[in-house]
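# Coordinate inspection notes
Here are the chains, one letter per residue:
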Amino acid sequence: MRAFEKKDAAAFAAMVRDTAMSADQSMYWCHPDYTEAQALEWFAVCAQERAFQTAYEFGIFNKESGELSGAAGINMIDRICRRCNLSYWVSPRWQGQGIATTVASALTQYAFSELQLFRVELVMAMTNLASRRVADKAGAQFEGLARHRLYLNGSSVDAAVYSLIPGEVRIASCLTYT
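The text that follows walks through the structure, step by step, so that each part is easy to find. (Residues numbered from 1 in each chain as written. Predicted model: local features only at pLDDT ≥ 70, side-chain atom pairs only at ≥ 80, totals over all residues. Heavy atoms only, no water.)

## Comments concerning the overall build of the chain
Using the following cut-off: Helix and strand assignments come from DSSP, with helices taken as H or I runs of at least 4 residues and strands as E runs of at least 2, each series counted from the N terminus. Note on classification: 1.4 Å probe, protein chains only; a residue is buried when its accessible area is under 20% of the maximum for its type, exposed when over 50%, partly exposed between these limits. A contact between two residues is defined here by any heavy atoms of the two lying within 4.5 Å. Here the accessible surface of atoms and residues is derived via Shrake-Rupley with a 1.4 Å probe, and residues count as covered only by protein chains that are part of the display.
A tally of helices and strands in the chain yields 4 helices and 6 strands. N-terminal to C-terminal, the α/β element order of the chain is α-α-β-β-β-α-β-α-β-β. Within the span of the chain, comprising 178 residues, buried residues form 47% of the whole. Here the contacts in the chain between residues at least 6 apart in sequence split such that 60% fall between residues at least 24 apart. Surface accessibility of the chain: about 9500 Å² in total, with carbon and sulfur atoms responsible for 53%.

## Description of the side chain of Thr101
For Thr101, the location among the structural elements is in helix H3 (residues 99-113). Excluding residues that lie within four positions of it along the chain, Thr101 makes contacts with Val134, Lys137 and Ala138.

## Regarding the pairing of strand E6 (residues 155-164)
Quick reminder of the rule: Pairing between strands is defined by DSSP: at least two bridges between them are needed.
Among the 10 residues of E6, 7 are classified as buried, and the element is accordingly described as predominantly covered. Pairing of strand E4 (residues 119-125) with E6, which is carried by 6 bridges, proceeds in the antiparallel orientation. The residue of E6 that forms the bridge with Val123 is Val161. Both strand E5 (residues 141-152) and E6 contribute to a ladder of 8 bridges, which runs antiparallel. Looking across to E6, one finds that Gly144 is bridged to Val161. A loop of 2 residues connects E5 with E6, the two strands running antiparallel in sequence, and Asn153 in this loop sits at a positive phi of about 50°.

## A short note on the sheet that holds strand E1 (residues 56-61)
Formally: Helix axes use the C-alpha atoms of the stretch in contact, all axes being lines fitted to C-alpha atoms, and the angles between their N-to-C directions lie in the range 0 to 180 degrees.
Pairing within the open sheet is mixed, and its 6 strands lie in the order E1-E2-E3-E4-E6-E5. Looking at strand neighbours, the two that pair on one side only are E1 and E5, the edges of this open sheet. The average angle at which neighbouring strand axes cross in this sheet is 30°, direction not considered. Strands in contact with helix H1 (residues 9-20) are strand E2 (68-78) and strand E3 (83-90); relative to E2, the strand with the most contacts, it is inclined by about 95°. Sitting on the sheet, helix H4 (residues 129-137) touches E3, E4, E5 and E6, and the angle it makes with E4 is about 155°.

## As for the pattern of salt bridges
To keep things clear, this is the line we draw: We define a salt bridge as a side-chain nitrogen of Lys or Arg found within 4 Å of a carboxyl oxygen belonging to Asp or Glu.
Applying the stated criterion to the full structure yields 7 salt bridges. Residue Asp78 is joined to Arg83 by a salt bridge in which the shortest nitrogen-to-oxygen separation is 3.3 Å. Given the relative accessible area of 34%, Arg83 is considered partly exposed. One salt-bridge network, held together by shared partners, links Arg2, Glu5, Lys7 and Asp8.

## Some words on the nonpolar core
Put simply, the rule reads: Definition of nonpolar core: a set of buried residues of the types Ala, Val, Leu, Ile, Met, Phe, Trp, Tyr and Cys, connected through side-chain atoms within 4.5 Å.
In terms of nonpolar packing, the biggest core is built from 33 residues, with Ile74, Tyr88, Leu107, Val120 and Leu122 touching the most fellow members. Taken together, the elements giving at least two residues each to this core come down to E1, E2, E3, H3, E4, H4 and E6. The element that contributes the greatest number of residues to this core is H3, accounting for 9 residues. Ala9, Phe12, Tyr34 and Phe43 belong to the second largest nonpolar core, which has 13 residues in total.

## Some details on unusual backbone geometry
One non-glycine residue, Gln116, adopts positive backbone phi at about 60°. Turning to its location among the elements, Gln116 is positioned in the loop between H3 and E4. Backbone geometry at His148 places phi at a positive 50°, although glycine is not the residue there. Turning to its location among the elements, His148 is positioned in strand E5. A relative accessible area of 55% places His148 in the exposed class.

Rendered as structure tokens:
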């Protein structure tokens with residue numbers, strides 16, 4: 001994993017467009033007309049959040065080919081309560097290979113060791129079964145249903161809330177981040 005660079009914009013935009021056909025409502029920003037310019041705008045937001053230490057967003061790249069296979073991040077960092085949100089997204093082409101679970105574990109370790117946080121939350125639409133499976137595989141504890149927790153595509157939806165605390169993280173393998 002590494003921070004996005006300008007050279008990643010074309011691959012990121014292509015991945016978004018590929019995902020648009022299968023994206024669930026939680027990826028409201030994912031549409032078939034997504035452009036490189038929009039990718040660059042997102043990268044600029046990521047750089048600003050990293051500079052302010054409010055979020056750390058990464059591209060997930062295949063070690064052998066260098067191909068962009070997804071994105072993940074620690075965001076909504078609350079330094080006072082020492083917690084954050086964890087998000088992940090893997091391109092349909094790369095799904096089912098354990099990438100999201102490995103990334104979730106690695107970013108959780110990063111949150112605890114590097115950022116000195118005490119709680120990592122994973123919040124997703126109740127109907128997002130793929131993300132819920134990843135949370136389970138990463139060792140996150142299901143805490144419950146949060147009614148109307150997310151606002152997606154013009155309406156409130158219920159969310160599944162999971163969490164990880166230090167000592168509960170499953171070890172991630174074969175992953176580096178910069």
